[in-house]
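Listed here are the chains, written in short residue letters.
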Amino acid sequence: MKRLFAALILLASPAWADSNLPPAQWADRQLPDPKQEAEAKALMEQLRCLVCQGQSIADSDADLAGDMRNMVRTRIASGQHPAEVRRWLIERYGNWVSYKPPVEPATWPLWAAPLILLLGGAWLARARLKRGKP
Amino acid sequence: MSRAVRFVPLALLLLFLAFVAWRLTVPSDTTIRSKLEGKPVPAFALPPAIAGRATFGSADLATGQPRIVNFFASWCVPCIAEAPVLRDLKAKGVRIDGIAVRDRPEDVAEFLKENGDPYQRIGSDTQSSVQMTLGSSGVPESFVVDGRGIIRYQHVGPIMPQDLDRVLAELEKAK
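These numbers were taken from a predicted model, which means no experiment stands behind them.

Reading the values: the criteria
- Residues numbered from 1 in each chain as written.
- Chains lettered and ligands numbered in written order.
- Predicted model: local features only at pLDDT ≥ 70, side-chain atom pairs only at ≥ 80, totals over all residues.
- Helix = DSSP H or I, 4+ residues; strand = E, 2+ residues; numbered from the N terminus.
- Buried ≥ 20, exposed ≤ 12 C-beta atoms within 10 Å, placed from the backbone.
- Contact = placed C-beta atoms within 7 Å.
- Rg over C-alpha atoms; globule rule 2.2 N^0.38 Å.
- Domains from an automatic or database assignment.
- Core = buried A, V, L, I, M, F, W, Y, C linked by C-beta atoms within 7 Å.
- Pairing = 2+ DSSP bridges.
- Axes fitted to C-alpha atoms, helices over the stretch in contact; angles between N-to-C directions.
- Right-handed = clockwise from strand over helix to strand, strands pointing away.
- Parallel < 35°, antiparallel > 145°, perpendicular 65-115°, else oblique.
- Left-handed = near helix turned anticlockwise from the far one by under 90°.
- pLDDT = per-residue confidence, 0-100.

Each helix and strand in chain A was counted, giving five helices and zero strands. Helices and strands appear in chain A in the N-to-C order α-α-α-α-α. Each of the 134 residues in chain A was classed as buried or not, and the buried ones make up 22%. Counted over contacts in chain A with a minimum sequence separation of 6, partners at least 24 positions apart contribute 49%.

Here's what the structure looks like:
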């Protein structure tokens, strides 16, 4: 019976429960140094929650997001650079975990798109402006 | 403006609708896989999950034989469904180490009493830090680690009976 129940629960994804432990020390507490806290906050807003994908870890209430905030604040407090912390996570979860896409061959259309659109727009506008001349 | 050019916006719209229909019928896979497959287990150490039970760290994984590192938790419902399969694996001689994520010793003990104890060693990861170290994003999750301490395979979610063959094959490959 218990096994059947467990199998049924598996079908309902929101039921993947939360733990009984309280949040980690730095999950919901600001660092005493305002400069470090600002760095940590800026980084947390650019890191994706692994549970509620689509939210940043700064916005998510998931247990794992709290532990990730704790990890970010602990590392920043110990003197690590935000870029190092981001790289550490990317090594494990891929670029997916960061909201800031890197410049690399696979992402060049993303970075080039604004420029291409702007040039295309200028070209269209040029044709129209020329026609408008008396 | 030539006749053909006039249909370009319509063609673009149809292309867009086709893309939407495709993504609605085949949703993209949201599983987050660890990028550490094929790489050595990063360094970590864990306190014991239960007083008196052996724990382990990354250095204890290179034992010459492949083993499974299983992330679980007493508060994790799919872990209950996975428990009988882990017992099966243990009966087949597979060595399994457990990592209890965000858990209390008394809850872990209760969970093992109710669902069986397939673990050789159990460590406690109260702040999910080892979970992040291995690139895991939830419970349950299992890693096949070979005898040299290299991660060979990651299984996301509970190992269900239908996954048993795959996991055993990966263990065999890791020998």
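Once that is clear, we can look at the overall build of chain B. The helix and strand tally for chain B stands at six helices and five strands. For chain B, the α and β elements follow one another from N to C terminus as α-α-β-α-β-α-β-α-β-β-α. For chain B, the C-alpha radius of gyration of 22 Å lies well beyond 16 Å, the compact-globule estimate for 175 residues. When its C-alpha atoms are laid out on the principal axes, chain B stretches across 80 × 30 × 30 Å. Burial status across chain B gives 40% buried among its 175 residues. By sequence separation, contacts in chain B at least 24 residues apart represent 75% of the contacts at least 6 residues apart.

With that settled, consider the interface of chain A and chain B. Across the boundary between the two partners, chain A contributes 28 residues, which contact 24 residues of chain B. Those elements that place two or more of their residues in the side of chain A that touches chain B are α1 (2–11), α3 (63–77) and α4 (82–93) of chain A.

Before going further, it helps to spend a moment on the domain arrangement of chain A. Domain annotation for chain A reports domain 1 (24–100) and domain 2 (102–134). Once you take the C-alpha centre of each, domain 1 of chain A and domain 2 of chain A turn out to be 36 Å apart.

Attention now goes to the nonpolar core. B:Ala73, B:Cys79 and B:Ala100 are the most contacted members of the largest nonpolar core, which totals 37 residues. For this core, the element with the most residues is helix α3 (residues 77–91) of chain B, which contributes seven residues.

Turning our attention to the sheet that holds strand β4 (residues 141–145) of chain B. Residues and elements named next belong to chain B. One open sheet accounts for five strands, arranged β3-β2-β1-β4-β5; its pairing is mixed. Looking at which strands have only one partner, the edges of the open sheet turn out to be β3 (121–125) and β5 (151–156). Each neighbouring strand pair of the sheet contributes to a mean axis angle of 20 degrees, computed without reference to strand direction. Bridge count between strand β2 (residues 95–101) and β3: five bridges; the pairing is parallel. When the sheet's bridge partners are listed, Asp97 is paired in β3 with Arg121.

All names here are of chain B. Counting buried residues in β2 gives five out of seven residues, a clear majority hidden from the surface. Relative to β2, strand β1 (residues 67–72) runs parallel, the two sharing six bridges. Each bridged residue has a counterpart across the sheet, and for Val69 the counterpart in β2 is Asp97. The β-α-β motif built from β1, the intervening α3 and the parallel element β2 has right-handed crossover chirality.

Our focus in this paragraph is the environment of B:Ala109. Position of B:Ala109 relative to the elements: it lies in helix α4 (residues 105–115). Remark: the alpha-carbon pair of B:Ala109 and B:Ala49, spanning 60 residues in sequence, is separated by 8.7 Å.

Once that is clear, we can look at the packing of helix α2 (residues 34–44) of chain A against α3(A). Any two packed helices are characterised by the angle at which their axes cross and by the distance between the axes. All names here are of chain A. Where α2 contacts α3, the axes come no closer than 9 Å and their chain directions differ by 140 degrees. Accordingly, the angle class assigned to the pair α2 and α3 is oblique. The two elements α2 and α3 cross, and the hand of that crossing is right-handed. Contact residues: Gln36, Glu39, Ala40, Leu43 and Met44 in α2; Arg69, Val72, Arg73, Ile76 and Ala77 in α3.

Residues and elements named next belong to chain B. Summarising burial for β4: five of the five residues are buried, a large majority. With burial as the criterion, each face of β4 is covered, one bearing Glu141, Phe143 and Val145 and the other bearing Ser142 and Val144. Pairing of β1 with β4, which is carried by five bridges, proceeds in the antiparallel orientation. By the bridge assignment for β4, Arg67 is matched with Val145. Sheet analysis places β4 next to β5, joined by five bridges and oriented antiparallel. Bridge assignment links Phe143 to a residue of β5, and that residue is Gln154.

Right, let's talk about unusual backbone geometry for a bit. Residue and element names in this part refer to chain B. Here the residue pair Val139 and Pro140 is connected by a cis peptide bond, since its omega of -10 degrees sits within 30 degrees of zero. By secondary structure assignment, the location of Pro140 is in the loop between α5 (129–133) and β4. Positive phi, normally seen in glycine, also occurs at Arg102, with a value near 45 degrees. Within the secondary structure, Arg102 sits in the loop between β2 and α4. The backbone of Ser128 sits at a positive phi, close to 55 degrees, despite the residue not being glycine.

Chain-level pLDDT for chain B is 94 on average; 99% of the residues reach the 70-or-more range. Listed scores for the predicted complex are pTM 0.83 and ipTM 0.86.

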